[in-house]
Amino acid sequence: MSKSLPYSVKDVHYDNAKFRHRSFFKVITQTLFTSDMKRECVSCSAGKFLGLFMIFGLACLMLTHASKTPSATDGLSKGLETNEEHKVVTDVGVRFKKLLRRAPRLPPRLSGNEKVSSGIFTGKPNEHDEEKWKARQRNVKEAFIHAWSGYKKFAMGYDELLPLSMQGFDGLGGLGATVVDSLDTAMIMGLEEVVSEAGSWIESNLLERISQKGDVNLFETTIRVLGGLLSAYHLSGGDQDMNLANTGPKPTIYLEIAKNLADRLLSAFTSSPTPIPYSDVLLKNSSAHPAHNLLSSTSEVSTLQLEFNYLSAISGDPKYKTEGMKVFAHFKTLPKVEGLVPIYISPHSGEFIGQEIRLGSRGDSYYEYLIKVWLQLRSIQDGNFTYLYDMYEEAMRGVRHLLVQKTIPNELVFVGELPGGSKGSFSPKMDHLVCFLPGTLALGATKGITKEKAMKDNLLTIEDFENLKLAEDLAKTCFEMYSVTSTGLAPEIAYFHTKDFYEDGLGGGNQSSEYVNDIIIKFNDRHNLLRPETVESLFVLYRITQDPKYREWGWQIFQSFEKYTKVDSGGYTSLNDVTTLPPQRRDKMETFFLGETLKYLYLLFGDSSVIPLDKFVFNTEAHPFPIKDAIYLEGGSYMMKGTM
Ligand code: DMJ
C-alpha cells in the first residue's frame, strides 16, 4: 500500500536512525557493513563488541523463547487482542529489541520534595506549589474574563472581535463563532455569568442565524460551532438527562441546534460524488459546493468525525457517523508514502492531488483524528476501527523516518516538510500548527493514562516509547520557538538551521536564547495569531508525564501573552511581528484563543482529574467529548470542577 521513498531524505547526520524502525537483521547487517572512516577507526573494538553482543543476544533469545514471563508488549497485546482487536507484533525480534531498549532517559533534577523513579515523576507538589498553580490558574481565568468582556462589549454576536478597532467581524460565516467556541471554556472554569450570557445568546439567535446564513466552511463550522454545542450539551448534563448547569438553556437546546446545523452540513457529503465531502456549505438551503480550486484539504475532510460520531451517539441517529466514517474508510484504500498523505484531495475523483506532504496547514489534524477517532470508537462493538490505529502507527513511523531532523548546532528536533512528496527534497520548515503533534503522540502512546501507570501495567510498546520520546523532544522545540523571540511568543512558521539550510540575520530577537542560531524566522512568518498548539501539547504532556517543566513552560508563554497581546479596552490581539519590541499589533482576536489557548492553559495549571484524558477526547478545537463508557458512567461528574 505505501510506496517507500528513495533514500534522498537522509537523516544520518542527525542521528535520526534511532527513530527508525529497523529489523534485528538490519541492525546487525548495517552495523557490520557500514564502512565510513569513523567506523573503520574503531573497527577492532567494534568487532569484539559485536561478537559479544551476538553471543549475548543468542543467549537472551533462547531464554525469552523458553520462558513464559510476559514481555513489555504482552500486557498491551492481551488487552488489545481481546478488547480492542489490535494486532500486536509479538515475534522474537520484538522481544529481542525490547531487551536492547535504551533505559528511560533520566529526568531533569527536581527539588527535594519531588521523587523520581525510572524517569517518572511520582512526587506530589507541596502545598506551596499547589497554591502557586491555583493562583496561576486564577490568572488564566481572569484573562478569559478580560477576553470575553472585550468581545461582549464590542462584538457580541459577531464571529470575532477586532480589539483595536473595538468592533466585531464575521470571518467565519456569521454564526457568532466566538460565543459558541467560548461556552465550554466558561463551563469548565465555572464562570456562570459567561455561561448564562453565551447560552442565552445561543438559545435566542443561533437557529435563526443557521437558517439564514450563506456560505460556511464545513470544517471550521464543524470543529468550532458544532463541536462547541456538543461539548456544552455534555458538560451541562445532557448525557445524564440532567441539567447540571445552574444557568443558561437546558442541554437539549444545544442538542437540537447541533442537529439542525449538522443536517445542513451533511449536504457536503451527500452532494459529493465520492465519500470526500465538498469544502463549503450554503446553510440556508442546505446545498454544498467545492472550493474555488475544486479541491478539499486533507485535514479538513478528516477532521469532522469526532463531532459527527458523538452526535450520532447522543441523538441516536447513525447518519452523521455513517457519512463521516466513509471518509476514513476511503482514506484507508488510498496510496500513501509510509503512511503520510498529500495535503489536497479531490472530492470528484476521490484521489489525492499533488505531492506536498506536511503536518502543518492542511495536513495536521488528519493525523490527530486517526488516533483520536480510534480512541473514541475502540470500545464500541458495532465496527472494527483497528485500521485507524494501524494507519496512525504507520504514519508516525513515516514521520520519524522521513520528516524528523535535528538542528545545528544544538540538536533541536523538528518535523520538516516534503514539498515535492516522495520525489522532492526535504524542507526544514515547521508551521506552529505542527506543535499539536507532541500532545497527539503522547496521547497515542499511553491512550490517555499517565506514563507511570502505563509502564507499571506493561502497556507500552517500543513504538510507544519512541513516540513519547519524539513528543518530548518536539515539545521542547515548540517551546524554544517562543523563547527565541523578543516577545517570548512564537512565529507562525519557523525554519531550522541544518547542513543544507541556513540564512543569517533572521533570528527571533532574543540574543540570550541558547537557540538563536538554530531557529530562523523569515520576515513574512513573524506573526502570532494567539494559537493554541504548543500549550495544548504542554497540557497533554504534563498530564501524561507529570513533569512539572511543562507547567513552567506554559506559565512563561502565558505571561508573554499577557504582556504583549492584552488590549486595555478588552480582548487580546494577534501580533504582526513577534521579533521586535514593542511588537506591531494586528487587530484580531481569533475564536480559538478563548476556545483552546486559555482552556488548555487553565487545565494545565489545574487538577489533573478535571476532564481526564482517558475518559474524554478533545476535538481539534479543544471541545471535550466523553468517550463512550464515560458518557454512561461518569460523564457529568467532571462538570464545573474549576474553582476560583
Ligand atoms: C484551530 O481552529 C484548530 O486547532 C485547528 O485544528 C487548527 N487551527 C486552529 C488553531 O490554530
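Conventions we followed
- Residues numbered from 1 in each chain as written.
- Predicted model: local features only at pLDDT ≥ 70, side-chain atom pairs only at ≥ 80, totals over all residues.
- Heavy atoms only, no water.
- Helix = DSSP H or I, 4+ residues; strand = E, 2+ residues; numbered from the N terminus.
- Buried < 20%, exposed > 50% of the residue type's maximum accessible area, 1.4 Å probe, protein only.
- Areas by Shrake-Rupley, 256 points an atom, 1.4 Å probe, with all protein chains shown as cover.
- Pairing = 2+ DSSP bridges.
- Contact = heavy atoms within 4.5 Å.
- Axes fitted to C-alpha atoms, helices over the stretch in contact; angles between N-to-C directions.
- Near = heavy atom within 4 Å.
- Polar contact = N/O pair within 3.5 Å; in protein donor to acceptor, adjacent residues only side chain to side chain.
- Nonpolar A, V, L, I, M, F, W, Y, C, P; charged D, E, K, R; others polar.
- Expected span 1.5 Å × (residues − 1).
- Parallel < 35°, antiparallel > 145°, perpendicular 65-115°, else oblique.
- Left-handed = near helix turned anticlockwise from the far one by under 90°.
- Patch = residues over 30% accessible without salt bridge, like charges linked within 9 Å, V, L, I, M, F, W, Y side chains within 5 Å.
- Salt bridge = Lys/Arg side-chain N within 4 Å of Asp/Glu carboxyl O.
- Lys, Arg positive; Asp, Glu negative; His and termini not counted.
- Charge placed at Lys NZ, Arg CZ, Asp CG, Glu CD.
- Disulfide = S-S within 2.5 Å.

**Student:** Which residues make up the overall build of the protein chain, and what are the values?
**Tutor:** In terms of helices and strands, the protein chain carries 23 helices and 19 strands. Looking at the 644 residues of the protein chain, the share that counts as buried comes to 59%. Accessible surface, the protein chain as shown: approximately 25,500 Å² in total, 53% of it carbon and sulfur.

**Student:** Could you give me a rundown of the sheet that holds strand 15 (residues 429-431), with the residues and numbers involved?
**Tutor:** Strand order across the open sheet formed by three strands is 15-16-17, with antiparallel pairing between neighbours. Strand pairing shows two members of the sheet lacking a second neighbour, strand 15 and strand 17 (519-520), which therefore form its edges. Looking at chain direction, strand 15 and strand 16 (residues 493-496) are connected through three bridges and run antiparallel. Note that in strand 16 the partner of Lys429 across the bridge is Tyr495. Across the face of the sheet, helix 19 (residues 462-483) comes into contact with strand 15, strand 16 and strand 17 while running at roughly 80° to strand 15.

**Student:** Break down the site of the ligand for me, citing the residues and quoting the values.
**Tutor:** Near the ligand, the surroundings consist of Ile223, Arg224, Leu433, Arg531, Pro532, Glu533, Phe592, Glu596, Thr620 and Glu621. The contact in question runs from an oxygen atom of the ligand to an N or O atom on the side chain of Glu533, over 2.6 Å. Side-chain polar atom of Glu596 to an oxygen atom of the ligand: 2.8 Å apart, as the coordinates give it. When isolated, the ligand has an accessible area of 290 Å², and the protein chains bury 92% of it. Elements with a contribution of two residues or more to the shell around the ligand: helix 9 (218-235) and helix 22 (591-605). By residue class, the composition of the shell around the ligand is four nonpolar, one polar and five charged.

**Student:** Any details on helix 14 (residues 319-333)? Residues and values, ideally.
**Tutor:** Helix length check: helix 14 (15 residues) gives 22 Å between terminal C-alpha atoms against 21 Å at 1.5 Å per residue, within 8%. Residues of helix 14 that are buried: Tyr320, Lys321, Glu323, Gly324, Met325, Val327, Phe328, His330 and Phe331.

**Student:** Please give an account of the packing of helix 20 (residues 533-545) against helix 21 (residues 549-565) that cites residues and values.
**Tutor:** At their nearest, the axes of helix 20 and helix 21 sit 9 Å apart, and the two run at 160° to each other. Considered as vectors, helix 20 and helix 21 are oriented roughly antiparallel to each other. Here the hand of the crossing between helix 20 and helix 21 comes out left-handed. Where helix 20 approaches helix 21, its residues Thr534, Val535, Leu538, Leu541, Tyr542 and Thr545 are matched on the opposing element by Tyr550, Arg551, Trp553, Gly554 and Ile557. Here the contact of helix 20 with helix 21 is built from residues that sort into seven nonpolar, three polar and one charged.

**Student:** Could you give an account of a negative patch on the surface, naming the residues involved and the relevant values?
**Tutor:** A cluster of like negative charges, contributed by Glu127, Glu130, Glu131 and Asp607, occupies part of the molecular surface. Relative to the helices and strands, Glu127 is located in helix 6 (residues 127-155). What makes Glu127 exposed here is its relative accessible area of 69%.

**Student:** Describe unusual backbone geometry, listing the residues and the values that go with them.
**Tutor:** In the segment running from Ile408 into Pro409, the intervening peptide bond is cis, with an omega of 0°. Mapped onto the fold, Pro409 is located in the loop between strand 13 (404-406) and strand 14 (413-415). Positive phi outside glycine occurs at Leu294, with the angle close to 70°. Structurally, the position occupied by Leu294 is in the loop between strand 8 (287-289) and strand 9 (296-297). In this structure, Glu338 is a non-glycine residue whose phi angle is positive, near 50°. Here Glu338 lies in the loop between strand 10 (336-337) and strand 11 (344-345).

**Student:** Provide a residue-level description of the state of the cysteines, including the pertinent values.
**Tutor:** Summed over the entire model, instances satisfying the criterion amount to one disulfide. Each disulfide pairs two cysteine sulfurs, and for Cys435 the partner residue is Cys478, the sulfurs being separated by 2.1 Å. The chirality of the disulfide connecting Cys435 with Cys478 is left-handed, given an S-S dihedral of about -95°. Here Cys435, found in the loop between strand 15 and helix 17 (437-446), pairs with Cys478, found in helix 19; they are 43 residues apart in sequence, far enough to count as distant. Accessibility assignment for this pair places Cys435 and Cys478 in one class, buried.

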